[in-house]
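Descriptive structure summary
Listed here are the chains, written in short residue letters.
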Amino acid sequence: MGKRAKVTQIGLDVHRKFSIAAARDASHKIVWRERLEHVDRNELRKRLSRWPAGTPVVLEGTFGWGWMSDEVKDAGLDPHLSSSRKVAAWREARGLAKSNKIDADLLSELWDQKPEMRGGELKRWWEVWLAPQEVRDQRELLRHRMSLVKVQTETKNRIHALLHRHGILSEFSDLFGVAGRRFLSLLMNDQQKLRETGRQTLKDQLILLDGLRRLIARATRQFKGQLKRSKPGQRLMTLPGISTVLAYTIIAEIGRVERFRKARSLARYSLLTPQADDSGEAREGKPIGRKIGHAGRHTLQWAWIEAARGAVRKDAYLRGIFNRRTDNGKKDRNRGYITVANVMCKIGHAMLSKQTDYQEVPPPRPGSKQANQKDYSRPGTGQPSPCLAACET
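To keep things clear, this report deals only with the structure shown in the data block. (Residues numbered from 1 in each chain as written. Predicted model: local features only at pLDDT ≥ 70, side-chain atom pairs only at ≥ 80, totals over all residues. Heavy atoms only, no water.)

**So, the overall build of the protein**
Looking only at helices and strands, the protein has 16 helices and 10 strands in total. Taking all 393 residues of the protein together, 39% fall into the buried category. Contacts in the protein between residues at least 24 apart in sequence constitute 55% of all its contacts with a sequence separation of at least 6. Counting every atom, the protein has about 24,000 Å² of accessible surface; 50% of that belongs to carbon and sulfur. (Helix = DSSP H or I, 4+ residues; strand = E, 2+ residues; numbered from the N terminus. Buried < 20%, exposed > 50% of the residue type's maximum accessible area, 1.4 Å probe, protein only. Contact = heavy atoms within 4.5 Å. Areas by Shrake-Rupley, 256 points an atom, 1.4 Å probe, with all protein chains shown as cover.)

Given below as structure tokens:
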């Protein structure tokens, strides 16, 4: 009990069936190590409750950290999440082997690292955002729908392959629309075009497809229900090109917009900001080695780019950006959509941060000539009012 009272920080290496904990005292020395089994959740909670209340517990951001962070918090401890990529690079830079004991020791040592001043705030180099339970629930529903859509696409591809194997051609632009489904229904009973095994396979695939569609529709209704109660979600849908699914995806992946101090930080997290990777002497022309980063949310990148494709068709301002980047759509169209997605991401950050809806004409910046210029136009005419102008002079 005396050793537990000396503890100032704990590292917790979480696995599927067990966890390894390492505790340090104020002199940065290891006080004790403990193995926690996950089979008996009640026993796990008892052992966590014996740890000193309020002690920082550092977990690694690997698969399955969410439920353990909830248990740690419920036990009166202070959970923090570390970047698995940075911790792995730190271990390799120190020439240490990878083992459960070493990982737990390293995690317990992270709390001793001094915070750095970044963007006007003190931040720990190893720490990443620990998403609360409600955000993780949103993301779980999002992942569930994404997996259903993936299986639906695979099922459609198998039906196309079945027709191709039997030499059956269709002239439908959408084989799974109303006319296409009627064609497939007739084909299930056509003994001349399909053998019995082919007909049975097609029937099973269509049953599976119908079930997937119902599940996807149910998940989409859940999206709509949550967005109706979400002011940020409703606000984001005023941005051209953002539908219900894309709005839910962006809100779930961002989590809390307050954690992104600048719009560029959100664009970098969305994998929409190119980063240079060059060295040596300067050269003329475009920088070499420029590429999109890999530390971020790929789902968020997909959502912004999909929104950009719709926004280019609907919004004159965003279409102008696309045309300037692609020479009116003649070249680099994909890069043009990425450029528009980058701009939309920054606009979305401003909308969510300032709690304003989208405006096609950007509002003037405070202190600019446009902001200081007074409006002398007569309402409904667009013509200046001589009286008001004369009174001002």
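Having put the structure on the table, let's press on.
**Observations concerning the environment of Arg 235**
Checked against the element boundaries, Arg 235 lands in helix 9 (residues 231–236). According to the relative accessible area criterion, Arg 235 is buried, its value standing at 16%. Through-space distance from the C-alpha of Arg 235 to that of Ala 247 is 9.3 Å; in sequence the pair is 12 residues apart. What Arg 235 contacts, discounting residues up to four positions off in sequence, is Met 351, Gln 355, Thr 356 and Asp 357.

**Section: a positive patch on the surface**
Taken together, the side chains of Arg 118, Lys 123, Arg 261 and Lys 262 define a basic patch exposed on the protein surface. Following the sequence through the fold, Lys 262 ends up in the loop between helix 10 (244–254) and helix 11 (263–269). (Patch = residues over 30% accessible without salt bridge, like charges linked within 9 Å, V, L, I, M, F, W, Y side chains within 5 Å. Salt bridge = Lys/Arg side-chain N within 4 Å of Asp/Glu carboxyl O. Lys, Arg positive; Asp, Glu negative; His and termini not counted. Charge placed at Lys NZ, Arg CZ, Asp CG, Glu CD.)

**Let's talk about the packing of aromatic side chains**
What describes a pair of aromatic rings is the distance from one ring centre to the other and the angle between the planes of the rings. According to the stated counting rule, one finds seven aromatic pairs in the structure shown. Consider the rings of Phe 223 and Tyr 248, whose centres lie 3.9 Å apart with planes at 10°: the pair is stacked. Here Phe 223, found in helix 8 (residues 196–228), pairs with Tyr 248, found in helix 10; they are 25 residues apart in sequence, far enough to count as distant. This pair shows no difference in class: Phe 223 is buried, exactly as Tyr 248 is. Judged by centre distance (5.1 Å) and plane angle (50°), the ring pair of Phe 260 and Tyr 269 falls under tilted. (Phe/Tyr/Trp six-rings, centres within 6.5 Å; stacked < 30°, edge-to-face > 60°.)

**Side note on helix 3 (residues 65–74)**
Every buried residue of helix 3 is accounted for by Trp 65, Gly 66, Met 68, Ser 69, Glu 71 and Val 72. Contacts made by the buried residues of helix 3 are with strand 1 (9–14), strand 2 (18–24), helix 2 (41–49), strand 4 (56–60), strand 5 (78–82) and helix 6 (133–165). Gly 76 sits one or two positions beyond helix 3 and adopts a positive phi of about 85°.

**Notes on the side chain of Glu 71**
Residue placement: Glu 71 occurs in helix 3. We classify Glu 71 as buried; its relative accessible area is 8%. Among the polar contacts listed, one links the side chain of Glu 71 to the side chain of Arg 41, at a separation of 3.2 Å. The contact partners of Glu 71, leaving out residues within four places of it in the chain, are Arg 41, Arg 45 and Leu 48. (Polar contact = N/O pair within 3.5 Å; in protein donor to acceptor, adjacent residues only side chain to side chain.)

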